[in-house]
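Residue-level listing of the chains:
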2 protein chains.
Amino acid sequence: MSLTSSRGKPTLADIARLTGVSAPTVSKVVNGREDVAPETRSKVLAALTESGYQSPGHKRAADAPDVVEVVFDSVNSNYSSTVLSGILAGAAAMGVEIVLTTTEGSPASGTELATRAQRMQDEQRAGMIVVTSAFSDTHLDAFRRRRIPVVVIDPLNPPAADVVSVGATNWAGGRAAADHLLDLGHRRIAYLGGPESAECNQARLHGYMSALMSRGVAFAPELVIHGKFRAEHGIEGLAALLALPEPPTAVFAGNDGIAVGVLREARRRGIHVPEELSLVGFDGTVLAEDSVPALTSVTQPLHDMGRTALRTLLREARGEQLDSHRVELATQLVVRESTARPA
Amino acid sequence: MSLTSSRGKPTLADIARLTGVSAPTVSKVVNGREDVAPETRSKVLAALTESGYQSPGHKRAADAPDVVEVVFDSVNSNYSSTVLSGILAGAAAMGVEIVLTTTEGSPASGTELATRAQRMQDEQRAGMIVVTSAFSDTHLDAFRRRRIPVVVIDPLNPPAADVVSVGATNWAGGRAAADHLLDLGHRRIAYLGGPESAECNQARLHGYMSALMSRGVAFAPELVIHGKFRAEHGIEGLAALLALPEPPTAVFAGNDGIAVGVLREARRRGIHVPEELSLVGFDGTVLAEDSVPALTSVTQPLHDMGRTALRTLLREARGEQLDSHRVELATQLVVRESTARPA
DNA sequence: CTGAAAGCGCTTACAG
DNA sequence: CTGAAAGCGCTTACAG
């Protein structure tokens, strides 16, 4: 069934014909006038949505740049600002405009997202990059239905098969961190991970477990504690580990923030790193370089992840075929001062 | 002289009448068609600019949110990302959209800025917030002429009288830092400042000098070294200070980054902070909290500065009278672990 | 390269 | 609350 009589973009007159009302009435609905019967309004609104009608105000100039919306939980962390700078570098190079929002203080609800998707469709956004835990997979339905491209960076939950995501080789990173500690001679190696269900955390954990297994080192469940990606978790986690009958000689932290917490608690207790305790972080942010001792850490290519997410999104927006719905960039273990042979 | 016959927005027909050509010809110029004589084109273009003609594609919906452009040198520092999060928090609260760009890699030239100003006028941007050293005062002329509101955060150079700027009480902060060290009993106090000509640096320097003077402590020029707001300056600066015949017992650093450099160099040389050297930073970023020992630092309300800049900009955009063209938010000395009585 | 004429898409003013 | 009629602003097709 053809929705419009002509082949081009639907006009206001098309909608009128379709719904059996006059053009002026449709015009009133489009402009949000009051003097329209509720029933007529909803009938017309349905047809407008169905047909993808664009009011003239929404017609963008052909030479206007693509606009990509970017959503972070918060922009105020080394992780976020590095990813963001990668997105911005890509945007400058590709002539794309970035509209930035955070969910800080107002976690996105389903209705808010439906409104956002509608607005993005109206404003003809090229797509959206999401770096947040606030959007679950079902939240993305509103975008899927409107065919607005979405790329998720480092999704907290395993994304649905049709959601495009960009991340790093977390499994390989976890494996490299544990291999490094095993190479140094450690056998009691703790993992102070991130949120248990987080995709990236699971991958790091399994990389770590795989390293233990390949050396025939038994996995000790009491040495694995999950928590938030924050320094507090490192502080409390180390305290809990040291209370064990047989404490670890090394800690693999789920990110640099947790590692900094471990470092702080170790210092408070007079435990020397790396002489008495080895420590590996994850992310490779400036936090790792700047801390004392400088942290051995698994570097994620955060800048590149931002850039890649944007490039992938634009490719999708242009209708190009994507090679893969999951892009993983390489992590790299960088050895600094926080790891040594066990005492 | 009236540019348009009618009182409302100029129409294409108005431009035609004004220039003595037909409406179709003006239409061709507006749409960039080829088949127009160069002379006719330039005559029409002049009239279009003069009259502020807006093509229908540029007419924004009345209910479309205000769009503010934000320009940073780089977004990847604690200072920048905190200011940015303040801007974003304000934007969420005020229903404003933020388009973000950085000058990273491509310092803004005069012509680039003229293009930007023209585009912003076409797209009816509400205004621009600038947190960058790339824009000099003359660069802002293109915006001034088009009456696009601009707010500068922490301008590097003293801004022209008609440029609105938001900053912090740098003089009072410098004074508080030096007063604190003097109170502890220090008399040889160095200042490792930022770029010499930078407005904020000058204010901090003079606050520091004022504190010395009020205690009758002679100002020692050899104890003041300017440089970049980076850790490297702290490292090299401390080395230079320690080479003096009479080295300082305390250092006031122009920002936390410099202070971290001082800390690092002190540690390398086996100098204990604060027992052998007291240290005060500036900015109060997480860097100050996270370093070991935690830095005594003059906190700037960076988040609030971002929020205030946005609020001020929107007030200007709405044509409201501004109380002042220079808003200064209060700094506050936060004493942590890096300062003590001299040995 | 220009513009009179026709026409498109939308809105306005108003009669019912 | 609706829509026929008039009209506005812009564009298109084409004659000169």
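Numbering of residues starts from 1 in every chain and runs along the sequence as written. All chains are assigned letters beginning at A, and all ligands numbers beginning at 1, according to the order in which they are written. Only residues with pLDDT of at least 70 get local features here, since the model is predicted, and only at 80 or more are side-chain atom pairs given and counted; chain-wide, interface and lining totals rely on the full set of residues.

A.B. asks: Just checking my understanding: could you explain the relation of the copies chain A and chain B for this structure?
C.D. replies: The two chain copies are related to each other by a rotation about an axis together with a translation along it. Expressed as a screw operation, the relation of chain A to chain B combines 0.1 Å of axial shift with a rotation of 180 degrees, fitting to an RMSD of 0.3 Å. A rotation of that kind, with that shift, is consistent with a two-fold axis. Using C-alpha coordinates, one finds that chain A approaches the rotation axis most closely at V99 of chain A, a distance of 2.2 Å. Note on contacts: each residue gets a C-beta atom placed from the backbone, and two residues are in contact if those atoms are within 7 Å. The residues that chain A uses at the interface reappear at the interface of chain B in 100% of cases, marking a shared surface. Least-squares superposition of the copies uses the C-alpha atoms of those residues scoring a pLDDT of at least 70 in each of them.

A.B. asks: What is the right way to look at the protein's contact with DNA strand D in this model?
C.D. replies: What surrounds DNA strand D is a group of 17 residues, the closest being S22 and A37 of chain A together with T11, L12 and S27 of chain B. Every element with two or more residues in the surface near DNA strand D is listed here: α2 (23-30) of chain A together with α1 (12-19) and α2 (23-30) of chain B. Using a C-beta atom placed from the backbone, a residue is scored as near a molecule or strand whenever that atom is within 6 Å of it. Only DSSP runs of H or I covering at least 4 residues are called helices, and only runs of E covering at least 2 are called strands; the numbering of each starts at the N terminus.

A.B. asks: What should I look at first to understand the protein's contact with DNA strand C in this one?
C.D. replies: Close to DNA strand C lie 17 residues, the nearest being T11, L12 and S27 of chain A together with S22 and A37 of chain B. For the surface near DNA strand C, the elements supplying multiple residues, two or more each, are α1 (12-19) and α2 of chain A together with α2 of chain B. Of the residues forming the surface near DNA strand C, the biggest block, four residues, is contributed by α2 of chain A. The classification used treats Ala, Val, Leu, Ile, Met, Phe, Trp, Tyr, Cys and Pro as nonpolar, Asp, Glu, Lys and Arg as charged, and all other residues, Gly among them, as polar. For the surface near DNA strand C, the residue count by class is 10 nonpolar, six polar and one charged.

A.B. asks: Would you explain the nonpolar core in this entry?
C.D. replies: If you look at soluble globular proteins, the nonpolar side chains tend to sit buried side by side. Formed by 81 residues in total, the largest nonpolar core has its most connected members in I87 and I129 of chain A together with I87 and I129 of chain B. It is helix α4 (residues 78-94) of chain B that provides the largest number of residues to this core, a total of seven residues. Not counting residues up to four positions away in its chain, the partners in contact with I87 of chain B are V70, I98, I129, G306, R307, A309 and L310 of chain B. The term nonpolar core refers to a set of buried Ala, Val, Leu, Ile, Met, Phe, Trp, Tyr and Cys residues connected through C-beta atoms within 7 Å. We call a residue exposed when 12 or fewer other C-beta atoms sit within 10 Å of its C-beta, buried when the count reaches 20 or more, and partly exposed for counts in between; the C-beta positions come from the backbone.

A.B. asks: I'm lost on the sheet that holds strand β10 (residues 296-299) of chain A in this one. Help?
C.D. replies: Backbone hydrogen bonds hold the strands of a sheet together, and the pairing may be parallel or antiparallel. All names here are of chain A. Following DSSP output, two strands are said to pair if at least two bridges run between them. Strand order in the open sheet formed by six strands is β7-β6-β8-β9-β10-β12, and the pairing between neighbours is mixed. Lying at the two open borders of the sheet, with one neighbouring strand each, are β7 (224-226) and β12 (332-334). Taken pair by pair, the neighbouring strands of this sheet meet at an average axis angle of 15 degrees, ignoring direction. In this structure, strand β8 (residues 250-253) lies alongside strand β9 (residues 278-283), joined through three bridges in parallel fashion. Note that in β9 the partner of F252 across the bridge is V280. All axes are obtained by fitting lines to C-alpha atoms, using only the stretch in contact for helices, and the reported angles, taken between N-to-C directions, cover 0 to 180 degrees.

A.B. asks: Would you take a moment to explain unusual backbone geometry for this structure?
C.D. replies: Leave glycine aside and you will find that most residues have negative phi; peptide bonds, for their part, are mostly trans. Residue and element names in this part refer to chain A. Cis geometry is adopted by the peptide bond preceding P293, which originates at V292 and carries an omega value of -5 degrees. Here P293 lies in the loop between α11 (286-290) and β10. One non-glycine residue with positive phi stands out, namely D283, at about 120 degrees. Note on placement: D283 falls in strand β9.

A.B. asks: Hey, could you run me through the sheet that holds strand β12 (residues 332-334) of chain B in this one?
C.D. replies: Residues and elements named next belong to chain B. In space, the six strands of this open sheet follow the order β7-β6-β8-β9-β10-β12, with mixed pairing throughout. Two strands bound the open sheet, and with one partner strand each, they are β7 (224-225) and β12. Bridge count for strand β6 (residues 189-192) against β7 is two bridges, and the pairing is parallel. Residue pairing for β7: Y191 is matched across the bridge by V224. Lying on the sheet, helix α7 (residues 170-183) is in contact with β6, β8 (250-253), β9 (278-283), β10 (296-299) and β12; it crosses β9 at an angle near 165 degrees. Strand contacts of helix α10 (residues 256-268): β6, β8, β9 and β10, with the helix running at about 155 degrees to β9, the strand carrying the most contacts.

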